[in-house]
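Topology and contacts: notes
Here is how the chains run, residue by residue.
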Amino acid sequence: MNSELIQSSIVYRKEMALKLALYTFGGLLLLYISNHFFANRILSIILLLATVLPIFFIGSIMKYFRREVSINLEDLFLSIAIQNQFNKGETSLKLYFDEISSYIMQFPAGKFSTIILNLKNGKSVEYSFIKNEQNVEQVSGEELLKMFHERITNYNNKLNKEKKIVVKPSFIASKNGLFCITGLICLFAVAVILHAFYQVKTFPITLLFCFALVAQLLSKRKADLDIYKTLSN
């Protein structure tokens with residue numbers, strides 16, 4: 001039996017994003033209340049600085065959501081042991097490959113490499129690994145995803161087509177993702193036409209934001225499609 005024991009790090013990316021979003025929303029709400037009910041410029045400046053402060057400490061914030069992980073890759077299963085916060089024990093999970101129906105690999109940001117394992121019971125498991133590890137003893141997220149893919153490919157080679165684990169594109173690289181992007185482009189086009197129809201001399205910042213958002217989504221879709229094509233070949 002071919003076995004690999006791997007040390008790496010994961011980040012609870014969604015939990016971090018949610019808490020940062022709630023923090024930002026709370027800061028903007030307090031800023032709005034300050035401007036409209038107290039009209040205190042000093043208080044508004046303090047609240048504005050407090051709201052944008054996490055941007056400058058994102059590395060330190062990420063450490064709070066980071067966990068050390070040990071992964072054992074076998075021919076028929078994988079096991080993952082995650083060290084809990086402040087080294088208070090660990091959480092472990094063992095998955096046999098025949099429990100997995102499909103998987104998705106993506107790189108949602110420059111710092112993460114993410115794998116989503118869709119199980120036959122309808123549940124899914126998602127892990128976001130640190131893309132580039134500084135510790136030489138740990139495997140980077142990008143390399144780890146390659147090892148996952150190789151192990152699943154080897155497993156699939158022994159099975160009939162109906163029983164193989166299927167690689168799927170990310171949402172943004174899927175047809176539904178294309179429909180969403182197309183819808184945004186149509187709404188953006190309507191906004192531009194209305195803007196020209198009413199002959200407004202200034203170009204709204206919101207339209208610039210929409211243009212930047214669509215451009216970023218198209219770039220992300222292309223990158224995810226390239227990853228999917230590489231994995232599915």
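This write-up is about the structure you can find in this document. (Residues numbered from 1 in each chain as written. Predicted model: local features only at pLDDT ≥ 70, side-chain atom pairs only at ≥ 80, totals over all residues. Heavy atoms only, no water.)

Turning to the overall build of the chain, a few remarks are in order. The number of helices and strands found in the chain is 6 helices and 8 strands. On the principal axes, the C-alpha backbone points of the chain span a range of 70 × 45 × 35 Å. Counting only residues that meet the buried cut, the chain has 33% of its 233 residues in that class. Accessible surface, the chain as shown: approximately 15300 Å² in total, 64% of it carbon and sulfur. Across the chain, 26 positive and 17 negative side-chain charges occur, with their mean positions spaced 10 Å apart. (Helix = DSSP H or I, 4+ residues; strand = E, 2+ residues; numbered from the N terminus. Buried < 20%, exposed > 50% of the residue type's maximum accessible area, 1.4 Å probe, protein only. Areas by Shrake-Rupley, 256 points an atom, 1.4 Å probe, with all protein chains shown as cover. Lys, Arg positive; Asp, Glu negative; His and termini not counted. Charge placed at Lys NZ, Arg CZ, Asp CG, Glu CD.)

The subject of this paragraph is the environment of R151. Within the secondary structure layout, R151 lies in helix α4 (residues 141-156). Residue classification places R151 among the buried residues on the basis of a relative accessible area of 4%. R151 sits 75 residues away from L76 along the chain, and the two C-alpha atoms are 9.0 Å apart. Residues in contact with R151, not counting those within four places in the same chain, are N2, E4, L73, E74, D75 and F97. (Contact = heavy atoms within 4.5 Å.)

When the terminal C-alpha atoms of helix α5 (residues 175-197) are compared, their 33 Å separation across 23 residues agrees well with the 33 Å that a helix rising 1.5 Å per residue should span. Listing the buried residues of α5 in full gives G177, I181, F188 and H195. (Expected span 1.5 Å × (residues − 1).)

In this section: the environment of I104. As for its position among the elements, I104 is in strand β5 (residues 100-106). Here I104 falls in the buried class, since its relative accessible area comes to 13%. Separated by 64 residues in sequence, I104 and K168 place their C-alpha atoms 5.3 Å apart. Not counting residues within four places of it along the chain, the set of residues in contact with I104 comprises T114, I115, I116, N118, K168, P169 and S170.

In this structure the tally under the stated criterion is 7 salt bridges. A salt bridge links R13 to E126, with the nearest nitrogen and oxygen atoms 2.9 Å apart. With a gap of 113 residues between them, R13 in helix α1 (residues 13-38) and E126 in strand β7 (residues 124-130) connect regions that are remote in the sequence. Beyond isolated ion pairs, a larger network of salt bridges with shared partners links R13, K14 and E126. (Salt bridge = Lys/Arg side-chain N within 4 Å of Asp/Glu carboxyl O.)

Moving on: α1. Under the 1.5 Å per step criterion, the end-to-end length of α1 is 36 Å for 26 residues, consistent within 8% with the ideal 38 Å. Residues of α1 that are buried: R13, M16, G27, L31 and S34. In the stretch just after α1, A39 is the one whose phi turns positive, near 50 degrees.

For the rest of this paragraph, the subject is the packing of aromatic side chains. As enumerated under the stated definition, the model contains 6 aromatic pairs in all. Here the aromatic rings of F97 and Y155 are separated by 5.3 Å at their centres, their planes lie at 45 degrees, and the arrangement is tilted. A residue pair is termed long-range when its members are at least 10 positions apart, and F97 in the loop between β4 (90-96) and β5 and Y155 in helix α4 qualify at 58 residues. According to the relative accessible area criterion, F97 is buried, its value standing at 1%. With a relative accessible area of 11%, Y155 lands in the buried category. Taken together, a centroid distance of 6.3 Å and an interplanar angle of 35 degrees make the contact between F129 and F148 tilted. (Phe/Tyr/Trp six-rings, centres within 6.5 Å; stacked < 30°, edge-to-face > 60°.)

Everything listed here is a matter of coordinates, which is why it stays silent on function.
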